[in-house]
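Descriptive structure summary
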Amino acid sequence: MAAAAMLFVEFNNLFAGGALVVGGIQTVDQYYFGGNNSIRGACVQNVIDSVMSSLFEDKNRKFIYVEMAFFQRWWRQQSEAMKIKVKDLVNSGQLEFINGGMCMHDEATPHYIDLIDQTTLGHKYIKDEFGQLPRVGWQIDPFGHSAVQAYLLGAEDSTLFFARIDYQDRAKRLKEKNLEVVWRGSKSLGSTSQIFTGIFPRHYDPPDGFTFEINDVSPPIQDDVLLFDYNVQERVNAFVAAALAQANVTRTNHIMWLMGTDFRYQYANSWFRQMDKFIHYVNQDGRVNALYSTPSIYTDVKYAADEEWPLKTEDFFPYADHPNAYWTGYFTSRPAFKGYVRLMSGYYLAARQLEFFKGRNTSGPNTDALADALAIAQHHDAVSGTERQHVAADYALRLSIGYKEAEKLVASSLASLAESTSNIRQGKTVTSFQQCPLLNISYCPPSEADLSGGKSLVVVVYNPLGWKREEVIRIPVSTERVMVRDSSGGEIESQLLPISNATLHIRKYVKAYLGESPHDALKYWLAFSASLPPLGFNTYIVSGAKQAGPSSTISLVQTSNESRNETIEVGQGSLKLLYSADEGKLSHYLNSRSLVTSTAGQSYSYYTGNDGTDKDPQASGAYVFRPNSTLPIKPQYQVPLTVMRGPLLDEVHQQLNSWISQVTRVYKGKEHAEVEFTIGPIPVDDGIGKEITTQITTTIKSNRTFYTDSNGRDFIQKAQIFGREERVGGPLGFRVRDTRTDWELQVNQPIAGNYYPVNLGIYVQDNSTELSVLVDRSVGGSSLVDGQIELMLHRRLLHDDARGVGEVLNETVCVLDRCEGLTIQGKFFLRIDQLGEGAKWRRTFGQEIYSPVLLAFTEQDGSNEINFPLPTFSGIDPSYSLPNNVAVITLQELDNGKVLLRLAHLYETGEDKDYSVMASVELKKIFPKEIVKVAELSLSGNQERTDMEKKRLVWKVEGSAGEESKVVRGGPVDPARLVVELFPMEIRTFHVDFDHLQMFGT
């Protein structure tokens, strides 16, 4: 929770509250009940108990509360009498919920769908329990701020407040009185999604001398004339001086003070007693007016001032609080956990769809536990990777528990759908499906099982996207005599690929996760192509092949030492990668369809983490990236590459050194390269921490400019028009090395200061070509050299960066009492296009990365045909597919029987000549059952959109900065036609009511 009591000094608004952190150096539950206090004395339930008592004492007092994960825990333990009293506080405005998500989420490393989901969960809780609608965004602690936060999450808020911006940016804003701005985060949505934004003049704490926890050293007011040390006038003078100092950097005659900070108000009366006295004596003095306030009250008086405000565009990344302290390391910190969060996020999206198709059952398996775990995993000390190790383990455990429950739901849903549509919502299933959560480390017991004796493996492949999809499925098998058939029994082409040594090596982690060792019979990856309907599944049979009969093609294996040519060509389709035979390095990228021909290279490097022993004691750590030198260190050696060739895909296996290897895949039907890297254990026996990067290098003349996404959503595009550059498109991502839009940058860290968060992708371009790289999790990225993209993939450090975590970022895994540095395996994807053609791939394939297919397995005897009635299924009209520029990002049945539907336009204005246009979605085709009513909601679903729009504040912008071209948004949904219009970058949210007497699919 971030909470604050706010003094308004009508100067002064006093916001009462402390900042409560949903995990960080202690777990969320330890913070709540006060456990493990040898690390830090913190007990959230004491804070809430104490605050409530203080509010009950005096109706003038106010308090603001932010993170629902804690409040929910406290609320469950309260009596009905207490709940009635607290609801009175809420209704009277003494207690105000702001922000209102389950946590105060990070803004650099989460995906935008996760941000929406966790906010929705918190807002629903507040609406259900208290009937309230949070109207203020309060992101006071995250380490930089994204454009998505401004225009998307802030869409239903009146204002947004936060503390952390770059120290150079803050200095300029203080001087120019520009700490409060109108932030227009999306160029596609313009002023229709702008938000008034306030940046605190210092941190999220009171002015010096005004903190009043029991052990704080600020002098309290002593106003008893019978006692020594009477100091009323002295303290009033100090208060007025601090208020006037803040007024000198703030527009209008209203300022706010945040009366609280991390885990304060353990004894709330020590704060409120002093604030009561300050309000009384300061107002008696008359030079300023002080009062209890809330951010909502502050917002209203700022709006009433009718001021014109400076315009802010783009974002607030990267964040530095010191010349050598750029908080850009956390973009990559704990990459395994970041990957797990992203994997579970995609699974949660698919599981909710299947839960809807089957019918929600609150008493049976459902997605609630996974929803809760994912929500708190978005915290700014969770997915950010800036928590302590035992806290990271706690977050992962919660995700695992949530997954286990959702896994049961998915299995039963697929069984119901596959056996018969008439069984849906009746729970009559016979088939038992298994899933493989450790498939990423090549562990999948059902696919590795012995298929002798006439047994077959049935593989159900579910596609959570709203359009048809062709996907190459890869599962581990233990035999080379297998074949694959489709749902009608016809044989389809399949390929066996030897499993790399690196992949076999990380299978030992199965022991760490499950306590049991995998068997050693694993030999191959079995690959086959699946053709999948939208929001539906298809089914395939894997069976043992007879000696004389057809079987999967075993890949042809070749090493670079065996090549007689100077170059080795890889790829069976339009895309060809060329490697030099002597060095084993990538040299060229060729696409025969698009006629792209480019020199291309890829390499790995590492930065040595600064240990903080020079003149500036700043070390590289969980938050901060401070390389010891400005040049990366090259890998020690390379060994010959190995090429696997087959009818579906080619693979290139490379072992760069003893702890870095990779497999590059080129699929016959795709026009991008997939690079699967395995890194670790990073050696630190030399006493030096290391930060591992990869570089993709071309000859593109990118002129110091590159483009990154905002939480997987927006990019900035540029169009080259007769030699001049024109910016079009969305807000974030337009990055120029060593440059900031809002101030003249003093360059102190030319590497760390040019790193940005990458959640979807990063690209560079010139006047003819663009290079795009997409990622499977949050990483840090940059373009430090023209034509080159750099990604940081893994970090292992030996020094703390002194930013609060108090522990070095040195992740290890222990198996059989032997511990070693963490090895991670991940993927990135690269493609080179003609200028202007890359957006289609970035958007379409970006959705496929976020929403991978869901695999489920069951065993059957003998038959070449599927033994259940419905081997293929689509949840929408079989003749329909969503437009290529639209995604279903939420399809969820709620407890009240209504369905929550979110549709997102995937493109920005001007991003693509074909898809940056209005799209139409036919709800009658999405839902093959009678729709009774459709109501459009705010983004978080807590109010109707029309009601929200009526309350929207229209802020004035200074001068010509406020001018913009007309922004068009989708119109109301006609209740007869039921067609939803979406314009570029729109996300629209709906409640859909159905005829509940009608069965799904009938």
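Residues numbered from 1 in each chain as written. Predicted model: local features only at pLDDT ≥ 70, side-chain atom pairs only at ≥ 80, totals over all residues. Heavy atoms only, no water.

**A look at the overall build of the chain**
Selection rule: Counting from the N terminus, the helices are DSSP H or I runs at least four residues long and the strands are E runs at least two residues long. C-alpha atoms define the radius of gyration in this analysis, and the globule rule sets the expected value at 2.2 Å times the number of residues to the power 0.38. We call a residue buried when its accessible area falls under 20% of the maximum for its residue type, exposed when it is over 50%, and partly exposed in between, using a 1.4 Å probe and counting protein chains only. Here a residue-residue contact requires only that any non-hydrogen atoms of the pair lie within 4.5 Å. The Shrake-Rupley method, run with a 1.4 Å probe sphere, supplies the accessible areas, and residue values consider only the shown protein chains as cover.
Assigned secondary structure in the chain consists of 19 helices and 51 strands. For 1002 residues, the compact-globule estimate of 2.2 N^0.38 gives 30 Å, and the chain sits close to it at 29 Å. Considering only C-alpha atoms, the chain reaches an extent of 105 × 70 × 65 Å along its principal axes. Sorting the 1002 residues of the chain into buried and exposed places 64% on the buried side. A separation of at least 24 residues holds for 75% of the contacts in the chain among residues at least 6 apart in sequence. Of the roughly 35400 Å² that the chain leaves accessible, carbon and sulfur atoms contribute 50%.

**A short note on the UniProt feature "domain: Glycoside hydrolase family 38 central" (unreviewed entry) in the chain**
Rule in force here: UniProt positions are given in the numbering used here, feature names are shortened, and annotations may be inferred rather than shown by experiment.
Those residues carrying the UniProt feature "domain: Glycoside hydrolase family 38 central" (unreviewed entry) are residues 325-399 in this numbering. Split by type, residues 325-399 is 60% helix and 0% strand. Its first and last C-alpha atoms lie 32 Å apart.

**A short note on the sheet that holds strand S23 (residues 575-580)**
Two pairing modes exist for strands in a sheet, parallel and antiparallel, and in both the strands are linked by backbone hydrogen bonds. The following threshold applies: By this definition, two strands are paired if DSSP reports at least two bridges between them. Working convention: axes come from line fits to C-alpha atoms, limited for helices to the stretch in contact. Angles between N-to-C directions cover 0 to 180 degrees.
If you trace the eight strands from one edge of the open sheet to the other, you get S22-S23-S24-S25-S30-S39-S38-S35, paired in antiparallel fashion. Of all strands in the sheet, those with a lone pairing partner are strand S22 (567-570) and strand S35 (756-758), marking the two edges. In this sheet, neighbouring strand axes are inclined to one another by 30 degrees on average, regardless of whether the strands run parallel or antiparallel. Bridge analysis of S22 against S23 gives four bridges, and the strand direction is antiparallel. Note that in S23 the partner of Glu 569 across the bridge is Leu 578.

**Examining the packing of aromatic side chains**
Test applied: Pairing of aromatic side chains here covers Phe, Tyr and the six-membered ring of Trp, requires ring centres within 6.5 Å, and sorts the geometry by plane angle: under 30 degrees stacked, over 60 edge-to-face, intermediate tilted.
Inspection of every chain in the model, using the stated rule, returns 55 aromatic pairs. For the ring pair Phe 162 and Phe 316, a centre distance of 5.2 Å and an interplane angle of 70 degrees mean the geometry is edge-to-face. On the criterion of sequence distance, the pair formed by Phe 162 in strand S6 (residues 159-162) and Phe 316 in the loop between strand S12 (311-312) and helix H11 (335-358) is long-range, its members being 154 residues apart. In terms of burial, Phe 162 and Phe 316 fall into one category: buried.

**Some points on the layout of surface pockets**
What counts is decided by this rule: In this analysis a 1.4 Å probe is tested at points of a 1 Å grid over the protein atoms alone, and where it fits but cannot get out there is a cavity; an open set with protein on both sides within 12 Å along at least five of seven lines is a pocket; lining residues have an atom within 4 Å of a point. Grid points are joined across faces, edges and corners, and a volume is the space filled by probe spheres set on the points. Charged residues are taken to be Asp, Glu, Lys and Arg, nonpolar residues to be Ala, Val, Leu, Ile, Met, Phe, Trp, Tyr, Cys and Pro, and polar residues to be all remaining types, Gly included.
Roughly 760 Å³ of volume is contained in the second largest pocket. Along the wall of the second largest pocket there are 31 residues; nearest its centre are Leu 121, Lys 124, Tyr 125, Asp 128 and Leu 894. For the lining of the second largest pocket, the element with the highest residue contribution is helix H5 (residues 112-130), accounting for nine residues. Class assignment of the residues belonging to the lining of the second largest pocket gives a composition of seven nonpolar, eleven polar and 13 charged.

**Here we look at the environment of His 991**
Looking at the secondary structure, you find His 991 in strand S51 (residues 987-994). As for His 991 and Gly 35, which are separated by 956 residues in sequence, their C-alpha atoms are 41 Å apart. Aside from chain neighbours lying at most four places away, what touches His 991 is Leu 894, Lys 898, Val 899, Leu 900, Lys 933, Val 934, Ala 935, Leu 937 and Gly 941.

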